[in-house]
Amino acid sequence: MKAKLFEPVSVENRRGYRISCSCGAVARVPMNTVRCSNGRDSDFERRLVERKFEKLGWQIGEKASEHVCPTCARARAAERLSAMIGRARGRGLG
Ligand SMILES: [Zn+2]
């Protein structure tokens, strides 16, 4: 059984899901589909929710604690870039 990635919440009086980042950022998306929550449907729904959050710029982790918000994703990308530049300078290429 896969760990639950998103917390079910109500969004504007509809069913929805919540995602959170370790920095405290939170986002919610409503679900339009009305389905019984049996195993297969909830897996299908999870993928839909993942796609919705990815469109918002979130990086979906393997666990609920590993999601990265758009702000942190940008910060991490900038960090990687400056680390690359730093290594290049270290080799005398900068
Ligand atoms: Zn964050």
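This text follows the structure it describes.
Residues numbered from 1 in each chain as written. Predicted model: local features only at pLDDT ≥ 70, side-chain atom pairs only at ≥ 80, totals over all residues. Heavy atoms only, no water.

Just give me the short version of helix H2 (residues 70–90), but keep the residues and values in it.
Two residues of an α-helix separated by three or four positions point the same way, owing to the 3.6 residues in each turn. Compared with the 30 Å implied by 1.5 Å per residue over 21 residues, the 30 Å span of H2 between its first and last C-alpha is a close match. Looking one or two residues beyond H2, the residue adopting positive phi is Gly 92, at roughly 80°. (Helix = DSSP H or I, 4+ residues; strand = E, 2+ residues; numbered from the N terminus. Expected span 1.5 Å × (residues − 1).)

Describe in detail the coordination of the zinc ion, supporting the description with residues and values.
Ideal geometry at a metal gives 109.5 degrees between four tetrahedral donors and either 90 or 180 degrees between six octahedral ones. For the zinc ion, the protein coordination sphere consists of Cys 21 (SG), Cys 23 (SG), Cys 69 (SG) and Cys 72 (SG), at 2.3 Å. What the 4 donor atoms of the zinc ion show is an angle range of 108 to 114° at the metal, which sorts the shape as tetrahedral. Each donor residue of the zinc ion belongs to the same chain, with the gaps between them written as C-x1-C-x45-C-x2-C. Taken together, the residues span a long stretch of sequence, with Cys 23 in the loop between strand S2 (14–20) and strand S3 (26–30) and Cys 69 in the loop between helix H1 (39–55) and H2 at a distance of 46 residues. Residue class for Cys 69 comes out buried when judged on its relative accessible area of 1%. (Donors = N, O, S within 2.8 Å, 3.2 Å for Na, K, Ca; no water. Tetrahedral: all angles 85-135°; square planar, octahedral: opposite > 155°, others 65-115°. Buried < 20%, exposed > 50% of the residue type's maximum accessible area, 1.4 Å probe, protein only.)

An account of a nonpolar patch on the surface is needed here, citing residue identities and associated values.
On the surface, Leu 81, Met 84 and Ile 85 cluster together into a nonpolar patch covering about 280 Å² of accessible area. You can see Leu 81 is positioned in helix H2. With a relative accessible area of 47%, Leu 81 lands in the partly exposed category. (Patch = residues over 30% accessible without salt bridge, like charges linked within 9 Å, V, L, I, M, F, W, Y side chains within 5 Å. Areas by Shrake-Rupley, 256 points an atom, 1.4 Å probe, with all protein chains shown as cover. Salt bridge = Lys/Arg side-chain N within 4 Å of Asp/Glu carboxyl O.)

Which residues make up the sheet that holds S3, and what are the values?
Strands sit in the order S1-S2-S3 across an open sheet of 3 strands; the sheet is antiparallel. The open sheet has two edge strands with one neighbour each: strand S1 (7–11) and S3. Direction aside, the axes of adjacent strands within the sheet are offset by 40° on average. Note: S1 against S2, 5 bridges, orientation antiparallel. Pairing of Pro 8 across the sheet is with Tyr 17, part of S2. (Pairing = 2+ DSSP bridges. Axes fitted to C-alpha atoms, helices over the stretch in contact; angles between N-to-C directions.)

Nothing here speaks to function; it is all geometry.
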